[in-house]
Amino acid sequence: MREILSGALLVIGTTFMFLAAVGLVRQPDIYLRMSATSKATSLGVGSVLLAAAIYFGDFAITARAMAAIVFIMICTPVAAHMIGRAAYFTGTPLWEGTLIDELRGQYDPRTHELESVSFPELDTHLPDIEMRKFTLPVGSDLEGLTLAEIDLRRKYDITLLAIRRGAEVISNPGGDIAILAGDELVIMGHPERLSGVRARIRRIRKAAVPANPDG
Amino acid sequence: MTLQSLALFVALPILVLAVLLAVVRLVRGPSVPDRVVALDLIATLVMGIMAIYAIATDAAVLLDLVVVLALVSFMGTVAFARYVERGA
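Bear in mind that the values here come from a model prediction, so they are computed numbers and not experimental data.

**Student:** Please set out helix 3 (residues 59-89) of chain A residue by residue, giving values where relevant.
**Tutor:** A rise of 1.5 Å per residue sets the reference length of helix 3 of chain A, with its 31 residues, at 45 Å; its end C-alpha atoms lie 45 Å apart and thus fit the reference within 8%. Its axis deflected by about 25 degrees at Cys75(A), helix 3 of chain A carries its strongest bend there, up to four residues before the proline Pro77(A). By the burial criterion, the buried members of helix 3 of chain A are Arg64(A), Ala65(A), Ala68(A), Ile69(A), Ile72(A), Thr76(A), Ala79(A), Ala80(A), Met82(A), Ile83(A), Ala86(A) and Ala87(A). Elements that come into contact with the buried residues of helix 3 of chain A comprise helix 2 (30-56) of chain A together with helix 2 (32-57) and helix 3 (62-87) of chain B. Gly91(A) lies just past helix 3 of chain A and shows a positive phi near 80 degrees.

As structure tokens, then:
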């Protein structure tokens, strides 16, 4: 009985692991390849280890096999996510048949931070324009200045659409409005201009907190 | 067919074939992340091979190596991912 169960698990596990390798070779882009390998191998190795645990039928060996299975079940998705993230940031192309890329334009390409408002239709109507939301950090040297003083439109060639301050939303803000730390600025413009203005908004006064070296 | 001959003559050759397929992707790439995924898969396949070999030869001690290899391969993959993301 134990042999039959163990043999069945062995066959299942081996099949899945082989299919993972086939998927790795045959899928058209890295994201689909990872989808094949990470899922199929965790099931495959899990089954094979379970087969070994049942075959030996010893408590210490079963405990070790279970530890390995739990570890694989936790770590495979983490590792797959990290590779996928790295691949996406370094511009690994998606398969040309991909229909939806929901992350497109959502990440800042330089800092790899997720900081954008999603406007799916904007892309179709205005292909080179993006809309982003930036939060003014505490200690920013722009804190307390009015929009006329900062003059984002002329200096950075972007448009400030609205400011969200707590529950309040200031739409189409005038030049006399001063921005405060914690304000969320919704800005529209060319992606490169947005990167520039983002760096400006992130800049902290020298006397205040030292800038984050990773930022 | 005994379980041991199933492990030795059916499961092991299939997994070796799977490793060869993964090596095809490792060589062809084309991107670095593709190769990292291929290496990760090879490590996982070797874990499966060790578990099967443990059954085939009645050497339960090989299962300890599976745990070690799982740890090392996870660390390696995470390190590669960080390197790819930061170093590019």
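Don't stop here, the text continues.
**Student:** Which residues make up the packing of helix 3 of chain A against helix 3 of chain B, and what are the values?
**Tutor:** Packed helices, taken two at a time, are described by the angle their axes make and the gap between the axes. Viewed as axis vectors pointing N to C, helix 3 of chain A and helix 3 of chain B meet at an angle of 10 degrees, and their least axial separation amounts to 9 Å. Here helix 3 of chain B runs roughly parallel to helix 3 of chain A, going by the angle between their axes. In this structure, helix 3 of chain A crosses over helix 3 of chain B, and the sense of that crossing is left-handed. Tallied by class, residues from the contact of helix 3 of chain A with helix 3 of chain B come to 20 nonpolar, one polar and four charged.

**Student:** How would you explain the nonpolar core if you had to name every residue and give the values?
**Tutor:** Counting residues in hydrophobic clusters, the biggest one holds 60 residues, and the most contacted among them are Met17(A), Ala21(A), Leu49(A), Ala52(A), Ile83(A) and Ala51(B). Of all the secondary-structure elements, those providing two or more residues to this core are helix 1 (2-26), helix 2 and helix 3 of chain A together with helix 1 (3-28), helix 2 and helix 3 of chain B. It is helix 2 of chain A that contributes the most residues to this core, 15 residues altogether. Among residues more than four places away in sequence, those in contact with Ala52(A) are Ala65(A), Ala51(B), Ala54(B), Ile55(B) and Leu63(B). Residues Leu152(A), Ile158(A), Leu160(A) and Ile179(A) belong to the second largest nonpolar core, which totals 13 residues.

**Student:** Pulling in residues and values, what's your account of the packing of helix 1 of chain A against helix 1 of chain B?
**Tutor:** Close contact between helix 1 of chain A and helix 1 of chain B brings their axes to 8 Å; oriented N to C, the two are set at 15 degrees. Put simply, helix 1 of chain A runs roughly parallel to helix 1 of chain B. The chirality of how helix 1 of chain A crosses helix 1 of chain B is left-handed. In this structure, helix 1 of chain A contributes Glu3(A), Ser6(A), Gly7(A), Leu10(A), Thr14(A), Met17(A), Phe18(A), Ala21(A), Val22(A), Leu24(A) and Val25(A) to the contact, and helix 1 of chain B contributes Leu3(B), Leu6(B), Ala7(B), Ala11(B), Ile14(B), Leu15(B), Leu17(B), Ala18(B), Leu21(B), Ala22(B), Val24(B) and Arg25(B). Its residues assigned to classes, the contact of helix 1 of chain A with helix 1 of chain B comprises 18 nonpolar, three polar and two charged.

**Student:** Please give an account of the interface of chain B and chain A that cites residues and values.
**Tutor:** Contact with chain B, which involves 41 residues of that partner, is made by 44 residues of chain A. Secondary-structure elements contributing two or more residues to the side of chain B that touches chain A are helix 1, helix 2 and helix 3 of chain B. Examining the composition of the side of chain B that touches chain A, we find that 15 residues originate from one element, helix 2 of chain B, more than from any other. Considered class by class, the residues forming the side of chain B that touches chain A number 32 nonpolar, four polar and five charged.

**Student:** An account of helix 2 of chain A is requested, with residue identities and associated values reported.
**Tutor:** All names here are of chain A. Here helix 2 contains 27 residues, and its C-alpha end-to-end distance of 38 Å stays within 8% of the 39 Å for a straight helix at 1.5 Å per residue. Judged by how many residues are buried, helix 2 sits mostly within the fold: 23 of 27 residues are covered. Phi turns positive, to about 60 degrees, at Gly-57, one or two residues after helix 2.

What counts, and where the lines are drawn
- Residues numbered from 1 in each chain as written.
- Chains lettered and ligands numbered in written order.
- Predicted model: local features only at pLDDT ≥ 70, side-chain atom pairs only at ≥ 80, totals over all residues.
- Helix = DSSP H or I, 4+ residues; strand = E, 2+ residues; numbered from the N terminus.
- Expected span 1.5 Å × (residues − 1).
- Bend = angle between axes of the 7 residues up to and from the residue.
- Buried ≥ 20, exposed ≤ 12 C-beta atoms within 10 Å, placed from the backbone.
- Contact = placed C-beta atoms within 7 Å.
- Axes fitted to C-alpha atoms, helices over the stretch in contact; angles between N-to-C directions.
- Parallel < 35°, antiparallel > 145°, perpendicular 65-115°, else oblique.
- Left-handed = near helix turned anticlockwise from the far one by under 90°.
- Nonpolar A, V, L, I, M, F, W, Y, C, P; charged D, E, K, R; others polar.
- Core = buried A, V, L, I, M, F, W, Y, C linked by C-beta atoms within 7 Å.

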